[in-house]
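Commentary on secondary and tertiary structure
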Amino acid sequence: MKTSRCVRVSKLPAVHNPLNFFRRIKQVLFQKIRSGEYSMDDNMWDHISSGAKDCVSKLLKVDTAERMTCSEALRHPWVSVGRAFCFYYRRVNV
C-alpha cells in the first residue's frame, strides 16, 4: 500500500498552519489601517519626496473631517506640479 507524503495545509495543527499565520497578519494589518497606524520611516520611503509623503498622509486620515477631499488632493502642490509637468510634456512632444 502506497502512502501519500503530501499533507493538506488545512489539516495541519493550528500552530504549524501557515494559513493561520497569514490570517493573523491580515487581521493585524486591517486593524492598523482602520486605526490610521502607519509609518513612512522604512527604507522604501527614503526616495519619496516630502511633498508626496505629505499628500499621502493627508489622504490616509481616519477622521473624514480631517481627510483631504478629491478636489483638495488635486490642488495639493505635489499633485499640481505633476499635472503641470504632464501638461507641458504633452504640449512640447506633440
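Presented here is an overview of the structure given in this document. In every chain, residue numbers begin from 1 and rise along the written sequence. Confidence filtering applies because this is a predicted model: local features only for residues at pLDDT of at least 70, side-chain atom pairs given and counted only at 80 or more, and all residues used for totals across whole chains, interfaces and linings. Side-chain numbers here rest on the full set of heavy atoms in the structure, without hydrogens or water.

1. Description of the overall build of the protein
- Only DSSP runs of H or I reaching four residues or more are called helices, and only runs of E reaching two or more are called strands; each is numbered from the N terminus. The number of helices and strands found in the protein is 4 helices and 0 strands.
- The proportion of buried residues among the 94 residues of the protein is 10%.
- Should any heavy atoms of two residues lie within 4.5 Å, those residues are considered in contact. Sequence separation of 24 or more characterises 24% of the internal contacts of the protein that already satisfy a separation of 6 or more.
- For accessible areas, the Shrake-Rupley method is used with a probe of radius 1.4 Å. Any residue's cover is judged against the shown protein chains and nothing else. Here the protein displays about 8,700 Å² of accessible surface, and carbon together with sulfur accounts for 60% of that area. Only protein chains enter the accessibility calculation, which uses a 1.4 Å probe; a residue is then buried when its area is under 20% of its type maximum, exposed when over 50%, and partly exposed in between.

2. A closer look at the side chain of His-76
- As for its placement among the helices and strands, His-76 is situated in the loop between helix H3 (70-75) and helix H4 (77-92).
- Between N or O atoms, a polar contact is any pair within 3.5 Å; within protein, one atom must be a potential hydrogen donor and the other a potential acceptor, and residues adjacent in sequence are included only when both atoms are from side chains. Among the polar contacts made by the side chain of His-76, one reaches the main-chain amide nitrogen of Trp-78 at a distance of 3.0 Å.
- Filtering out sequence-adjacent residues up to four positions away, His-76 remains in contact with Gly-51, Asp-54, Cys-55 and Met-68.

3. Thoughts on helix H1 (residues 18-35)
- Here H1 spans 26 Å end to end across 18 residues, near enough to the 26 Å set by a 1.5 Å rise per residue.
- Immediately downstream of H1, the backbone of Gly-36 shows phi near 75°, a positive value. Helix span, expected: 1.5 Å multiplied by one less than the number of residues in the helix.

4. A closer look at the environment of Cys-55
- Within the fold, Cys-55 resides in helix H2 (residues 50-59).
- For Cys-55, a relative accessible area of 3% translates into the label buried.
- Considered as a pair, Cys-55 and Ala-73 are 18 residues apart in the sequence and their alpha carbons are 7.2 Å apart.
- Leaving out residues up to four positions away in the same chain, Cys-55 has contacts with Met-68, His-76, Trp-78 and Val-79.

5. Comments concerning a nonpolar patch on the surface
- Without a salt bridge and with relative accessible area above 30%, a residue can belong to a patch; like charges are then joined within 9 Å and nonpolar side chains (Val, Leu, Ile, Met, Phe, Trp, Tyr) within 5 Å. Only one rule defines a salt bridge in this text: a Lys or Arg side-chain nitrogen within 4 Å of an Asp or Glu carboxyl oxygen. A cluster of nonpolar side chains, contributed by Phe-21, Phe-22 and Ile-25, occupies part of the molecular surface with about 330 Å² of accessible area.
- The topology assignment puts Ile-25 in helix H1.
- Overall, Ile-25 belongs to the partly exposed group, its relative accessible area being 44%.

6. Some points on the pattern of salt bridges
- Under the counting rule described, the total for this entry stands at 1 salt bridge.
- Asp-54 is the partner of Lys-58 in a salt bridge, and the nearest nitrogen-oxygen pair spans 3.3 Å. Of this pair, Lys-58 and Asp-54 both sit in helix H2, separated by 4 residues, roughly a single helical turn.
- A relative accessible area of 33% means that Lys-58 is categorised as partly exposed.

7. Things to note about the side chain of Ser-57
- With respect to the helices and strands, the residue Ser-57 is situated in helix H2.
- Within the local environment of Ser-57, its side chain forms a polar contact with the backbone oxygen of Asp-54, the two atoms lying 2.9 Å apart.
- The residues touching Ser-57, leaving out its near neighbours within four places in the chain, are Tyr-38 and Met-40.

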